[in-house]
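# Structural characterization, general
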Amino acid sequence: MDLTEEDLALINALQIAPRVSWADAGEILGVHATTLAARWERVRQSGAAWVTAHLMGDPKQMCLALVDVGCDMHRREEVTEALAAVPQIVTIEEAASNRDLMLTVITQSLEEFTTAVASRLKDIDGLLKYQTALCTRLHSGGYAWRLNVLNRAQISALQAKAGPEAAGSAPPESVVEPLPESHLALLPFLARDGRATAAGIARALGRHPATVQRQLNRVLASRVLSFRCEVAQKFSGYPVTCQWFANVPAGRHEAAAAELRGLRNVRLSASTTGRTNFVIIMWLQSLADVMNAELALQQRIPGIELVESVVMLSTVKRVGWMLNQDSTATGRVVVPAAVTSAG
């Protein structure tokens, strides 16, 4: 299917306010609520876009790791399948150079990364080597990326209608209290559908709707989860993904992150350990834009050293969702183990 301008406007609206009611969204977009709901169902069923929630991965609270993987070229497919089955490995991309796969891993702690992920990597046949960079500060993520289809008045109106989960799309300033086990049981439902209702979750869990509503309100306000409306990359207008490994002078990381917020192509920026100390991921219109992006980075961030650029050939899994070769969602979601075991 192709996405219409109306479809893109709806996706943009859900990027700003992932759980906005159809009545409120319809009023802002000038479309009847039932029409909007039907449109979203069609888009979602096609795999062109989806709303999900995943653990934030903010280094103040948990462990966010970026892992380069090398594998036997004849066994890449089965290695990829084995990695995709590990719930803590939330994103898997095929790289064009110097490594076969690039993984994004979110665990509750560094210890869990070691015991639940690193130990499993060693047991995967065909996986030859891996190298890990740990994030020390998450500056921005895919939750902040926008299609930019709506006008300013619509954006402001949606921001006003957005719930606490929209504020929770950015890392909180301070460490938050851990959620009780009973609340964590809601997370798999929000991973599969970021717009899941308390009534629907209550039916599935066999709990009273009022109890689940209270629990859901606390989960949304906790800012432990990042809510986002994802769009298949082929429909985004930016089909090329490029990641830069860079060095930024000590003390300049926050200033660099602030400059990057002015570039709408940025999907992730983070400070890291390892061979380099800063990672930037962008979605671009073409391979020719790699050079344009590098020029922009050097102009905006004094002293930045761009050590290496890596173009992705495809994304196999994005924040828990398995993708088709054309970047649309398959509908299969691999829920984090820490979430599955709760409740």
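Above: the structure in question.
Report follows, based on the coordinates. Predicted, not measured: the structure shown is a model, and the values here were computed from it.

### Some words on the overall build of the protein
Counting secondary structure elements, the protein contains 14 helices and 12 strands. Taken over the C-alpha trace, the protein has a radius of gyration of 20 Å; the compact-globule value for 343 residues is 20 Å, and the two agree within 12%. For the protein, with 343 residues in total, the buried portion stands at 55%. About 15,000 Å² of surface is accessible on the protein, with carbon and sulfur atoms providing 51% of the total.

### Observations concerning the pairing of strand S12 (residues 329-333)
Note that strand S11 (residues 321-323) and S12 share two bridges and pair antiparallel. When the bridges of S12 are listed, Trp-321 appears paired with Val-333. In sequence, S11 turns back onto S12 through a hairpin of five residues, with Ser-327 there showing a positive phi of about 80°.

### Observations regarding the packing of aromatic side chains
Inspection of the entire model under this criterion finds three aromatic pairs. Geometrically, the ring pair formed by Trp-50 and Trp-321 is stacked, given 5.5 Å between the ring centres and 25° between the ring planes. Here Trp-50 is found in strand S1 (residues 49-55), whereas its partner Trp-321 is found in strand S11, with 271 residues between them in sequence. Here the two residues Trp-50 and Trp-321 agree in accessibility, since each one is buried. Three or more aromatic residues joined by ring pairs form one cluster here, namely Trp-145, Tyr-238 and Trp-283. Taking the ring centre of Trp-22 as reference, the NZ or CZ of Arg-195 above it sits at 4.0 Å. We note Arg-267 situated over the ring of Trp-283; from NZ or CZ to the ring centre the distance is 3.9 Å.

### What to know about the environment of Glu-78
Tracing the backbone shows Glu-78 in helix H4 (residues 76-84). Of the residues examined, Glu-78 reaches a relative accessible area of 41% and is grouped as partly exposed. Separated by 39 residues in sequence, Glu-78 and Arg-39 place their C-alpha atoms 36 Å apart.

### What to know about the packing of helix H2 (residues 22-29) against helix H6 (residues 152-161)
For the pair H2 and H6, the least separation of the axes is 10 Å and the interaxial angle reads 165°. In terms of orientation, H2 and H6 fall into the roughly antiparallel class. Like other packed secondary-structure pairs, H2 and H6 cross with a definite hand, here right-handed. Here H2 contributes Asp-24, Ile-28 and Leu-29 to the contact with H6, which in turn contributes Gln-154, Ala-157, Leu-158 and Lys-161. Grouping the amino acids of the contact of H2 with H6 by side-chain chemistry returns four nonpolar, one polar and two charged.

Thresholds applied
Residues numbered from 1 in each chain as written. Predicted model: local features only at pLDDT ≥ 70, side-chain atom pairs only at ≥ 80, totals over all residues. Heavy atoms only, no water. Helix = DSSP H or I, 4+ residues; strand = E, 2+ residues; numbered from the N terminus. Rg over C-alpha atoms; globule rule 2.2 N^0.38 Å. Buried < 20%, exposed > 50% of the residue type's maximum accessible area, 1.4 Å probe, protein only. Areas by Shrake-Rupley, 256 points an atom, 1.4 Å probe, with all protein chains shown as cover. Pairing = 2+ DSSP bridges. Phe/Tyr/Trp six-rings, centres within 6.5 Å; stacked < 30°, edge-to-face > 60°. Lys NZ or Arg CZ within 6 Å of the ring centre and 35° of its normal. Axes fitted to C-alpha atoms, helices over the stretch in contact; angles between N-to-C directions. Parallel < 35°, antiparallel > 145°, perpendicular 65-115°, else oblique. Left-handed = near helix turned anticlockwise from the far one by under 90°. Contact = heavy atoms within 4.5 Å. Nonpolar A, V, L, I, M, F, W, Y, C, P; charged D, E, K, R; others polar.

By themselves these figures say nothing about function.
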